[in-house]
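One letter stands for each residue in the lines below.
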Amino acid sequence: MKSAVETLNPTRVRLTVEVPFEELKDSLDAAYKKINQQVTVKGFRKGKIPARVIDQRFGRGAVLEEAVNDALPKFYTEAVNEAELNVLGQPEVDITELKDGETLNFTAEVDIRPALEIPDYSGIEVEVDAVEVTDEDVEKSVEQLRERFASTTPVERAAEEGDVVTIDLEAKVDGEVLEDGIANGVSYTIGSGELLEGIDEAVKGLEAGGEATFTSELKGGSAAGKEAEVTVKVTQVAKRELPELDDDFAQLASEFDTLEELKADSRKRLANMKQFDQATQAQERVLEKLLELVEVPVPEKLLEDEINTRKHNLEHHQLAQMGLTLDKYLEIQGKTAEEFETETREAAVKGIKTQFVLDELVKKEQLNVNQEELTEHLMRRAASSGMSPDQFAQAVVEGGQVPLLVGEVARGKALAVVVEAATVKDTNGEIVNLDDEEEETEAAEASETSEEKSEG
């Protein structure tokens with residue numbers, strides 16, 4: 001077999017392959033054997049029909065077609081390996097010549113990963129938010145904890161803002177009560193915004209036994225997105241009472257003996273959260289700077305596939321679970337279809353570029369992934385998916401997705417290398433030193449949010 005490579009553009013090549021006919025022998029033998037098992041000819045036992053009889057009865061062309069279909073993947077793979085190509089997706093194959101007993105010639109056009117030049121990235125500088133926890137932040141955190149320990153006491157008066165009302169609901173669309181439009185004994189805090197738009201105004205001023213009707217757009221259920229006439233009846237009004245902010249509250253709501261200890265712990269936790277956010281911000285901004293430094297041509301077919309995948313996942317998984325259509329989602333977001341298309345394309349381009357650049361860095365820096373790193377990453381992915389580690393690991397193995405996870409970890413390590421070399425300052429002008437272990441964890445997660453997920 002002889003092969004040659006023609007570069008069509010930085011992300012696509014054409015392979016020209018010439019195969020001497022004798023190299024088709026194994027595939028021809030396999031073709032005759034396969035046809036032998038599928039047909040019957042009077043006078044011959046099944047599987048024992050001579051090749052010349054098959055040629056006469058069914059045509060030599062049928063045999064050649066079967067043999068070529070069997071042989072093409074093997075010769076294509078050999079040509080790809082010989083040329084040391086990093087191909088993406090499936091090739092477009094065209095048989096240019098097939099002469100029985102002489103030769104098989106074909107071409108294969110296929111997308112490839114572009115050759116990238118990673119420049120010196122040690123000069124990257126980024127600015128991130130400073131980690132500052134104010135007294136107001138601590139007070140807000142403690143107040144949220146206090147809200148969780150609020151108690152309610154039934155009162156005989158009209159409902160007010162902040163009260164907890166027990167209500168019965170009935171929703172009608174076009175005058176008909178919906179099958180899933182009745183709910184009784186619902187507990188609702190006035191002003192929380194957790195139910196239907198317009199319900200706060202409807203129940204304020206009502207005492208137990210009072211009812212009101214209002215119009216609202218349904219957020220979920222069989223008539224999601226439709227205007228409904230909703231009747232609400234109040235069966236109880238209760239006043240929310242917050243516990244006093246003192247040492248007794250600290251003992252009730254935490255493991256601490258005093259309110260000051262509780263506040264000190266809240267301050268510490270808030271600082272840790274802001275450091276986490278700061279590290280994530282550093283990863284994302286360093287990644288953006290890195291992508292600006294590298295010229296990355298994007299294969300058009302790969303880009304279109306990624307755009308379609310993102311749209312499908314949004315429309316048929318994320319939105320479907322919320323009972324929303326794409327049009328309704330865009331309306332809620334205040335976006336036009338054109339803006340959505342542009343944003344999706346930009347995100348897909350960034351994802352593909354991220355994977356290409358970080359994969360190139362993995363090679364350049366000769367980074368490897370050990371079992372412990374892979375296990376830790378698997379545990380994080382399992383937690384985010386809502387599955388147990390064992391279930392997630394089984395799904396990964398059965399789906400042949402282990403190389404994908406290894407790639408995610410390796411890319412996270414590559415980004416961590418760049419972040420370590422970069423200068424990260426906060427808005428106060430102070431140098432930010434990120435912990436190495438946290439850096440790799442954050443980098444893996446930051447790269448996952450941007451990179452193109454489908455492996456080529």
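Report on the accompanying structure. All values reported here derive from a predicted model rather than from experimental measurement.

With that out of the way, let us pick up a nonpolar patch on the surface. Residues Val-93, Ile-95 and Leu-98 make up a contiguous nonpolar surface patch of roughly 220 Å² in combined accessible area. Of note, Leu-98 is situated in strand E3 (residues 87-99). Exposure remark for Leu-98: the relative accessible area of 35% places this residue in the partly exposed category.

Moving on: the side chain of Thr-231. Looking at the element boundaries, Thr-231 is found in strand E10 (residues 227-241). Of note is the side chain of Thr-231, whose polar atom sits 3.3 Å from the side chain of Thr-213. Setting aside chain neighbours within four positions, we find Thr-231 in contact with Asp-168, Leu-169, Glu-170, Glu-211, Ala-212 and Thr-213.

What follows is about the pairing of E10. As defined by bridge partners, strand E6 (residues 151-154) adjoins E10 across 4 bridges and the pair is classed as antiparallel. What sits directly across from Thr-152, in E10, is Arg-240. Sheet analysis places strand E7 (residues 164-173) next to E10, joined by 9 bridges and oriented antiparallel. Within E10, the position partnered with Lys-172 by the bridge is Glu-229. As defined by bridge partners, strand E9 (residues 211-217) adjoins E10 across 7 bridges and the pair is classed as antiparallel. Within E10, the position partnered with Glu-211 by the bridge is Lys-233.

Right, let's talk about the pattern of salt bridges for a bit. On inspection of all chains with the given rule, the structure shows 33 salt bridges. Arg-240 is the salt-bridge partner of Glu-147, the closest N and O atoms lying 2.9 Å from each other. You can see Glu-147 sitting in helix H4 (residues 135-148) and its partner Arg-240 sitting in strand E10, a full 93 residues away along the chain. Classification of Glu-147 by relative accessible area gives partly exposed; the value is 34%. For Arg-240, a relative accessible area of 24% corresponds to the partly exposed category. Ionic pairing is found between Glu-217 and Lys-328, a salt bridge with its closest N-O pair at 2.7 Å. Placement of Glu-217 in strand E9 and of Lys-328 in helix H9 (residues 326-333) is noted, with a sequence separation of 111 residues between them. Accessibility expressed as a relative area gives 13% for Lys-328, which makes it buried. Put simply, Glu-6, Arg-12, Arg-14, Glu-92, Glu-109 and Asp-111 are held in one network by salt bridges that share partners.

Ordered in space as E1-E2-E4-E3, the 4 strands form an open sheet in which the pairing is antiparallel. The open sheet terminates on both sides in strands that have one partner only, identified here as strand E1 (2-9) and E3. Across the sheet, the mean angle from the axis of one strand to that of its neighbour is 20°, orientation sign disregarded. Where E1 meets strand E2 (residues 12-20), 7 bridges bridge the pair, whose relative direction is antiparallel. Its bridge partner lying in E2, Val-5 is registered against Leu-15. Along the sheet, helix H3 (residues 60-83) makes contact with E1, E2, E3 and strand E4 (103-112), crossing E3 at roughly 125°.

Definitions and cut-offs
All residue numbers refer to position in the chain's written sequence, counted from 1. In keeping with the model being predicted, local features are shown solely for residues with a pLDDT of at least 70 and side-chain atom pairs are shown and tallied solely at 80 or more, while totals for entire chains, interfaces and linings include all residues. Heavy atoms throughout the structure, all of them, feed into the side-chain values; hydrogens and water do not. Each patch is assembled from residues with relative accessible area greater than 30% and no salt bridge, linking like charges that lie within 9 Å and nonpolar side chains (Val, Leu, Ile, Met, Phe, Trp, Tyr) that lie within 5 Å. In these tables, accessible area is a Shrake-Rupley quantity obtained with a 1.4 Å probe, and a residue counts as shielded only by the protein chains included in the view. The term salt bridge refers to a side-chain nitrogen of Lys or Arg lying within 4 Å of a carboxyl oxygen of Asp or Glu. By definition, any uninterrupted DSSP run of H or I lasting at least four residues is a helix, any uninterrupted run of E lasting at least two residues is a strand, and each is numbered from the N terminus. A simple rule labels every residue: compare its accessible area, found with a 1.4 Å probe on the protein chains alone, to the largest value its type can have, and call it buried under 20%, exposed over 50%, or partly exposed in between. Counting of polar contacts relies on pairs of N or O atoms within 3.5 Å, with two restrictions inside protein: one atom must be capable of donating a hydrogen and the other of accepting it, and residues adjacent in sequence are counted only when both atoms are side-chain atoms. In this analysis, two residues are considered to be in contact whenever any of their non-hydrogen atoms come within 4.5 Å of each other. DSSP-based pairing: two strands are paired if at least 2 bridges between them are found. Orientation is described by lines fitted to C-alpha atoms, with helices fitted over the stretch in contact, and by angles between N-to-C directions that extend from 0 to 180 degrees.

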